[in-house]
Amino acid sequence: MQTELLSLSPFSRISMFTLVVALSCIPAHAKRKDVVIMNNGDHFTGQVKRLQNGLLYIETDYVSGNIGLDWNQVQSVQSTAAYRIVLNNGRRLEGKIEKASGEKAKTEDFLIHEATEEVEVPSAEIVSIDTKKPTFWRELQGAIDVGYSFTSGNSQSTLNVDTSAAYQRPGWKAATSFDSTFSGQSGASSTNREDLQSTFTKFLNRNSFLLGLTDFLHSSRQDLNLRATVVGGYGRYLKRTTNSNLSWVGGVAYIHESFDTTAGQPSGQSMEAVVGLQYQFVRFNFGEFDSQLLTFPGLTDSGRIRITTNNVVTIKLRNNFHLAFTLWDNFDSRPPATARQNELGISSGVGWSF
């Protein structure tokens, strides 16, 4: 080995020496040593990632993946990173965080170090905490669910696929979802339903927000080739905690519809009002319940009313996997003469969250 090095040209030996020195001078990336102490005395050292749905996630060197800790059982937190914090009154802050223990924990036990001031609030008023991630893809959060069933007696099979993704910044949030259900039976016609929905939420002061929504629905059971819906509205959170939130929304929608049949069908274009509720509840170490109910009273098509609802129960499994049970319903008080007024569906599947 020494002979081979000596046989190299002087320029090559200088270049190799320079490379070795440069590599030895590069400092190792130092990981943060955030400290979390639980009420029972357990200590966790690592990197605090986020607080979401009542769980404080921390990454450690000795566990694969993030650990989810019950926020109500956390006694103290110390971290040197910068976070985005949302309070239950709608206020949004950015800075370093510290949760105190002891007598002070009975009142304002959570300290936020902003650039120009320090804010003290009770930890019960913290809705979410999130780190500033370096890339767009790491900011994305969502899930993929797949379910399949087969009955040999009548050779009936059903396949459902549900996907969702969301990207959030301090002042706004964009989300999209796609749900598809296919059902087929030997000797009978098959049915299918596809629904693509996108929402954009602009957060205003405190607990109010502006909402933009687009929805594209196809349903063979209701003879609906395509219903395109564009909604603009205003909403407000009625209740928001670390584990749950309830909000209402109201606005106006533009509808464009195309049906398989022309017999007694509603008009192709119409305007409708929108009134709806959204609710989310999370239970530690079990899962969550998400519900959306939207009512569309007709404006240009007076007397017609549509109601849509989507309800999902998610049960947590290991390694970000979960079971999902979905109940959805589309109601139209004035469909085409040959179509059904109501389309109700129940599905189940296994999913993965990211």
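These figures come from a predicted structure and were not determined experimentally.

Description of the overall build of the protein chain
- Counting its secondary structure elements, the protein chain contains three helices and 22 strands.
- Among the 354 residues that make up the protein chain, the fraction classed as buried is 38%.
- Long-range pairs, those at least 24 residues apart, make up 46% of the contacts in the protein chain between residues at least 6 apart in sequence.
- Surface summary for the protein chain: the accessible area is close to 19,600 Å², and the carbon and sulfur share equals 57%.

Some thoughts on the packing of aromatic side chains
- With the rule as written, the count across this model stands at seven aromatic pairs.
- On the numbers, 5.7 Å between centres and 50 degrees between planes, the contact of Tyr-167 with Trp-172 is tilted.
- Exposure remark for Tyr-167: the relative accessible area of 15% places this residue in the buried category.
- Seen from their ring centres, Tyr-279 and Phe-289 are 6.4 Å apart, and the 55 degrees between their planes marks the pair as tilted.

Things to note about the sheet that holds strand E19 (residues 287-297)
- Spatially, 12 strands are ordered E11-E12-E13-E14-E15-E16-E17-E18-E19-E20-E21-E22 in a closed barrel, and the strand pairing comes out antiparallel. Between one strand axis and the next, the sheet turns by 20 degrees as a mean value, whatever way the strands run.
- Bridge analysis of strand E15 (residues 208-219) against strand E16 (residues 224-240) gives 11 bridges, and the strand direction is antiparallel. Bridge pairing in E16 places Leu-213 opposite Val-231.

Considerations on the layout of surface pockets
- The volume enclosed by the second largest pocket comes to roughly 340 Å³.
- Elements with a minimum of two residues in the lining of the second largest pocket: strand E11 (141-151), strand E12 (156-168), strand E13 (172-185), strand E14 (191-203) and strand E22 (342-353).
- The element contributing the most residues to the lining of the second largest pocket is E22, with seven residues.
- Its residues assigned to classes, the lining of the second largest pocket shows five nonpolar, 14 polar and four charged.

Observations concerning unusual backbone geometry
- A positive phi angle, close to 55 degrees, is found at Asp-223, a residue other than glycine.
- The residue Asp-223 is located in the loop between E15 and E16 in this model.

Parameters and conventions
- Residues numbered from 1 in each chain as written.
- Predicted model: local features only at pLDDT ≥ 70, side-chain atom pairs only at ≥ 80, totals over all residues.
- Heavy atoms only, no water.
- Helix = DSSP H or I, 4+ residues; strand = E, 2+ residues; numbered from the N terminus.
- Buried < 20%, exposed > 50% of the residue type's maximum accessible area, 1.4 Å probe, protein only.
- Contact = heavy atoms within 4.5 Å.
- Areas by Shrake-Rupley, 256 points an atom, 1.4 Å probe, with all protein chains shown as cover.
- Phe/Tyr/Trp six-rings, centres within 6.5 Å; stacked < 30°, edge-to-face > 60°.
- Pairing = 2+ DSSP bridges.
- Axes fitted to C-alpha atoms, helices over the stretch in contact; angles between N-to-C directions.
- 1 Å grid on protein atoms, 1.4 Å probe; cavity = no way out; pocket = protein on both sides within 12 Å on 5 of 7 lines; lining within 4 Å.
- Points joined across faces, edges and corners; volume = space filled by probe spheres on them.
- Nonpolar A, V, L, I, M, F, W, Y, C, P; charged D, E, K, R; others polar.

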